[in-house]
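Geometric and topological summary
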Amino acid sequence: MGKRTPFVRRHCTRDRGGPGGLAAAVYAASEGLDVLVLETEAPGGQAGTSSKIENYLGFPLGITGQELAARALAQAQKFGAEIAIARSAARFVCDKDAGGFEVRLSNGGVVRARAIIIATGVRYRRLALPNLAQFEGVGVYYSAAQLEGELCRGEDVIVVGGANSAGQAAIFLASRARHVHVLIRGAALSATMSRYLIRRIEESPNITLRPHTEVASLEGDDRLRSVTWRGPDGALETRPIGHVFSMTGAEPNTHWLEGCIALDEKGFIRTGTDLKPEDLAQTKWPIPRPPFHLETNRPRVFAVGDVRSGNVKRVASAVGEGSVCVQLVFRALAQ
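Concerning the state of the cysteines
Counted according to the given criterion, the structure contains one disulfide. Bridging C94 to C260, the disulfide has an S-S length of 2.0 Å. Taking the sign of the torsion about the S-S bond as the criterion, the disulfide between C94 and C260, at about -70 degrees, is left-handed. Of the two residues, C94 sits in the loop between β4 (89–93) and β5 (101–105) while C260 sits in the loop between β17 (250–252) and α8 (277–283), which places them 166 residues apart along the sequence. The thiol of C325 is not disulfide-bonded; the next cysteine sulfur, from C260, is found 18 Å away. Looking at C325, the relative accessible area reads 0%, which means it is buried.

Some thoughts on helix α6 (residues 164–174)
Turning to α6, its buried residues are A166, G167, A169, A170, I171, L173 and A174. At its buried positions, α6 is contacted by α5 (146–151), β10 (156–160), β11 (179–183), α7 (195–203), β12 (207–210) and β16 (244–246).

A short note on the sheet that holds β5
Think of a sheet as strands paired side by side through backbone hydrogen bonds, with each pair either parallel or antiparallel. Read from one edge of the open sheet, three strands run β4-β5-β6, paired in antiparallel fashion. A strand with exactly one partner marks an edge of an open sheet, and here the two such strands are β4 and β6 (110–113). Neighbour-to-neighbour, the strand axes of this sheet turn through a mean angle of 25 degrees, independent of strand direction. Strand direction decides the pairing type here: β5 and β6, joined by four bridges, are antiparallel. What sits directly across from R104, in β6, is V110.

Conventions we followed
Residues numbered from 1 in each chain as written. Predicted model: local features only at pLDDT ≥ 70, side-chain atom pairs only at ≥ 80, totals over all residues. Heavy atoms only, no water. Disulfide = S-S within 2.5 Å. Helix = DSSP H or I, 4+ residues; strand = E, 2+ residues; numbered from the N terminus. Buried < 20%, exposed > 50% of the residue type's maximum accessible area, 1.4 Å probe, protein only. Contact = heavy atoms within 4.5 Å. Pairing = 2+ DSSP bridges. Axes fitted to C-alpha atoms, helices over the stretch in contact; angles between N-to-C directions.

See below:
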């Protein structure tokens, strides 16, 4: 490791690492810092599974997640970042901070650095369908915001899930879509969704709740064209629907940080002004300044992208946080 070494920790237990860590690696390496990127499999993360990303600045015709990740990886290597593939962090050792940090790897190795950027992302609960990846980003979505709402304006959509996130998505989409089908495995929403959301769903004429129903198959070509679901009696029904919103939750990849970094109630990393007094008390925050934006409750340990509490789940957001974080690393190392 060099004199001023940020350790850009990127690891996704399911697929590839996302754009947040790669952006941090590119900007850190281009600014002259010594950078090591740890990657369990291959770069890409959740973004890497997208057949086409159409809302990323500079690509009006869209770009595949795999191609975007490959370009970012090439940039990071061009500037001198070291990429370690098939390396997973097993534990963050937080009781040995003598001017640096230590991360123990699953293969028994140890990495030490003066700063760490955590960009481990999340593991979305995915539909158990063999061709799901083919339609992620072109018919299957994990969030429902303005862009997705415009994509399905005037069309039928499916929302899978029975928690609050699914209810909020259904109500939002109902204002744009022709009809919203909410598919849940259970008999009712009362055990998993807030009453106010249930009431709004019941009052919406273009929302149909379908209990004991699950998606059986997806069909299409360059994008999703039709969906087959299995109803409570086991019968299959195919509909010409091209938009499925999978709102069954996501789990942050933060298990290796347990006891060392402050997490919110869902396991996402708290940073900056989201940190609570008890979070700082946990580490006996040792310096007079408050934590920087994107900094955790441990000085010089940062979090970017989907793993961070309050993050907007978008490629552009992750890239922005990764690049901004590098300047904060410089400031933290200078103190």
